[in-house]
Structure formats: C-alpha cells, structure tokens
Amino acid sequence: MIPNRNATGILVKSPGRINLIGEHIDYNGGYVLPAAINLKVSLKIYKTENTYCTISSKHGGTFGFDIQQPLEISSTHWENYVLGVIDGLLKKRPNQLGGFECSISSELPIGAGISSSAALECGVAKGLNHLFDLNLSDIELIEISRMAEHNYVGNKCGVMDQFAVTMGQNNKLLILNCKSLEYQLIDADFSTFKIVLLNSNVSHNLVSSEYNTRRAECGQALKIIQEQHPNFDFLADVPETIIESLKEKLPGKVYQRALYVSRENARTLKAASLMQEGKIESFGALMYQTHEGLSKYYEVSCPELDFLVGLTLDLPQVVGSRMMGGGFGGCTINLVKEDFVQNLIDMAQMQYKKEFDIELTPILVETSSGVEITNS
Ligand code: GLA
C-alpha cells in the first residue's frame, strides 16, 4: 500500500528533565532549578491528505481519531497526554489541524520522575505547531501541555516540567520564577561532580492522588494566611516567621506543608547563588535539607527513596542527594565525585537489592537543549 503521506515530515526530539532543587514549589509560585536532559522522546510526524490521525508508540500501541470529530478522554492512560494537547491546540486554533501520522519512541523510563509525560506533551505540541503553522508561542505551547495534564490526565501539575522540556539549553540550568515565568539561565558547571540518578524502579500508586492533595493543602494554608495577610498571593512568598506566627490557626499537616514550601523556596534561591559561585559542596548540603523536608514535612517520599538517600550520608564523595520530582517513587538525584560514580552505583545496587529485592537502575544524565525539530 502506498502510504498516504506528504513527502516531508518532521522529527521532534523532546527531552526529559531533572530538577536540582525547588521541589513542589512550582504550583506554589516560587523558584525552581530544573534542566532539560539528554534522554529524549522522538516523534516522527507526517501530514496526511485526509482528516484521520494515527498515533503509534513502540511501548503503548496505536490509536487514532478523526480530527473533525469531538475528542474524548481515553481509557488508555498515555493516550490522554496526546489527546489533551490536541484538544488545547484545537481550542486555540480551531480548524487549523489536519490529519497526521505520528510514531513515538522513547529513551525515557516511565514513572521515574524525569518527565516522560511532559516530554511527550511538549513534543506533540511543538511538533504540530510547526507542521501546521499554528504560530503559537513557546509559552502558549507550555500552557497547552500543562493543561492537557490537568484536563485529560487529572494531574494538577505545576509548570516546571513543561517549561524545562521546552526552554532548556545545553549546559544550562534554569532558575525559573513560576509566578511570572521569568527565568535566567545559569551554567550547569558541577566542577568535578557528576549528576547520577538512581531509579528506585518503584512508583507507588499514591502519586497522582497525593499530589493533588498536597496542592489542596497548600491552597488551604494560603487561605488561612491571607485572612491575616491578604497581600500574599502565593504560598512560596510567605516567610517562615509568618507561618510560625500562625501555627495555632493552621491544622497540623497544613502547617508542615506551608513550612516546607517557605523553606524550600528560600533554599532554592540560596542554592542558585551557590551554584553560580561554584560552591558545589554547599549546594549539595541544601539538597539533603530538601530531602529531609520532603520526607518529614511534605511527606511525599517513600522507604525506597529514603533508603537511597540514607546510603550516601556517610560518603564524602557524594555531596548532595535527594528524591526528585513528585515523589512516592522514581529517582534520587545525586551529586557524586567523578571518580566515585561507579563505586556508588555498585554499592547502591547491591544494598538496595538486599534491602528491597528490587533492581536499582542508574541513569547518568547531562543537561541538554529543549524540544528540537528537524526535517525527517
Ligand atoms: C511533578 C509535577 C511538577 C512539579 C513536581 C514537583 O513533576 O509535574 O509540576 O510539581 O512534580 O516539584
């Protein structure tokens, strides 16, 4: 059969992301410090001459729909990342999309907390924007991708993942102000240290429900704070002293969440300065503090992640370690002396297996550029 395609299509390379510090801060309007990475989702997209769209994934199978018919949320989880983006594009640019074929392959492990989902959303968004000349800005595409996750997948995520995946650059970290979306690129210069991700290979099914609960708890904290201090629009802006002064008014867990957010935002700003000054050891010490906060105050860690961070505490060659991303599984991110990387991996794999009877997967990452499009 002759393929029903135009001669030219595009190849989209869309990266995952890491986050050095500033966890669970994006939806609280504070600062985060992510970067795009060199592991990517690849999408080959061709226009067809009709109105039918076919999307196939090496891992997830194939599905299709007519672009002129109303879209529906799918019962197959991953399809909703794509459908949600297309829905957003159609709302902004009615009648401007035609039929296409898209084949997807990925180097990004799913459930590892390195944003395979944002990589897919932003790849589809930027790819179709290019192919169909939709003329949407990067910020519009980021917002469409984020809202796909809210409306089609049900994760009330912040903006960090989609922003880093789209705007990342080689050898750079982004200091992103999640309130204004202003950002600054700083050199990802880790001196003699390497970034090592240790994938716990667990993904506890609390991820989505607990994530949305944390958001709601932060909203509740802000509301109570605003009764006394109506000038604050975002929880990340509220200083620790004010949260302490309202301890009696804030329910126990809500108080803990607010305290974590305020401290983490301050920590992220401090960490960004330390990175710029080349003080990697001091930067790493803040990563440990973040883990402590995520585990004890924000309560989004799990025994596997606590164990992996705990393993590194007495190792002078590891200067920073913490859980990364939404939590309840996925990876820890570690700053490790270059010549100790293999030792850490060997030791961690052995001890993790002994403790949980689960294989640990190391992932060595470099910072990389955001979504890129070439002709295929
Ligand atoms: C997930 C979300 C992000 C962010 C992180 C936690 O990755 O998608 O928006 O909230 O968790 O920092």
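What comes next concerns the included structure. Source: prediction; values computed, not measured. (Residues numbered from 1 in each chain as written. Predicted model: local features only at pLDDT ≥ 70, side-chain atom pairs only at ≥ 80, totals over all residues. Heavy atoms only, no water.)

So, on to the overall build of the chain. A count of helical and extended segments in the chain gives 10 helices and 13 strands. The C-alpha atoms of the chain give 21 Å as radius of gyration, which agrees with the globular expectation for 376 residues (21 Å, within 12%). The long-range share in the chain, meaning contacts at least 24 apart out of those at least 6 apart in sequence, stands at 72%. In the form shown here, the chain has an accessible surface area of approximately 16,000 Å², with 48% of it arising from carbon and sulfur atoms. (Helix = DSSP H or I, 4+ residues; strand = E, 2+ residues; numbered from the N terminus. Rg over C-alpha atoms; globule rule 2.2 N^0.38 Å. Contact = heavy atoms within 4.5 Å. Areas by Shrake-Rupley, 256 points an atom, 1.4 Å probe, with all protein chains shown as cover.)

Surrounding the ligand, one finds Arg17, Glu23, His24, Asp26, Tyr27, Cys157, Gly158, Met160, Asp161, Tyr211, Gly325 and Gly326. Take Arg17: an N or O atom from its side chain is 3.1 Å from an oxygen atom of the ligand. The fraction of the free accessible surface of the ligand (300 Å²) that becomes covered by protein chains is 92%. Each residue belonging to the shell around the ligand can be placed in one class, and the counts come to 4 nonpolar, 4 polar and 4 charged. Two domains each provide a minimum of three residues to the shell around the ligand, namely domain 1 (5-188 + 369-375) and domain 2 (193-365). (Near = heavy atom within 4 Å. Polar contact = N/O pair within 3.5 Å; in protein donor to acceptor, adjacent residues only side chain to side chain. Nonpolar A, V, L, I, M, F, W, Y, C, P; charged D, E, K, R; others polar. Domains from an automatic or database assignment.)

Right, let's talk about the sheet that holds strand β7 (residues 172-177) for a bit. Read across the open sheet, the 3 strands follow the order β2-β7-β8; overall the sheet is antiparallel. Each having just a single partner strand, β2 (31-32) and β8 (183-187) make up the two edges of the open sheet. Sheet analysis places β7 next to β8, joined by 5 bridges and oriented antiparallel. Along β8, the bridge assignment pairs Lys172 with Asp187. Its contacts with the sheet put helix α4 (residues 160-167) on β2, β7 and β8, and the angle it makes with β7 is roughly 140°. Relative to β8, helix α7 (residues 252-276) is tilted by about 45°, and along the sheet it contacts β2, β7 and β8. (Pairing = 2+ DSSP bridges. Axes fitted to C-alpha atoms, helices over the stretch in contact; angles between N-to-C directions.)

By size, the foremost hydrophobic cluster in this structure holds 74 residues, and its most contacted members are Ile18, Ile86, Leu197 and Phe283. Of the residues forming this core, the biggest block, 8 residues, is contributed by helix α2 (residues 116-131). Mapped onto the domain boundaries, this core takes at least three residues apiece from domain 1 (5-188 + 369-375) and domain 2 (193-365). Contacts of Ile18, omitting those with residues within four sequence positions, involve Pro34, Ala35, Ile37, Ile195, Leu197, Met324, Ile333 and Val365. Ala236, Tyr288, Leu305 and Val336 belong to the second-largest nonpolar core, a separate cluster that totals 57 residues. (Core = buried A, V, L, I, M, F, W, Y, C linked by side-chain atoms within 4.5 Å. Buried < 20%, exposed > 50% of the residue type's maximum accessible area, 1.4 Å probe, protein only.)

What follows is about the packing of α2 against α4. Relative to each other, α2 and α4 sit at 55°, their axes nearing to 9 Å. In terms of axis orientation, α2 runs oblique to α4. Note on packing geometry: the crossing formed by α2 with α4 is right-handed. Along its contact with α2, which presents Ala118, Ala119, Glu121, Cys122 and Lys126, the element α4 presents Asp161, Gln162, Val165 and Thr166. A class-by-class count of the residues in the contact of α2 with α4 yields 4 nonpolar, 2 polar and 3 charged. (Parallel < 35°, antiparallel > 145°, perpendicular 65-115°, else oblique. Left-handed = near helix turned anticlockwise from the far one by under 90°.)

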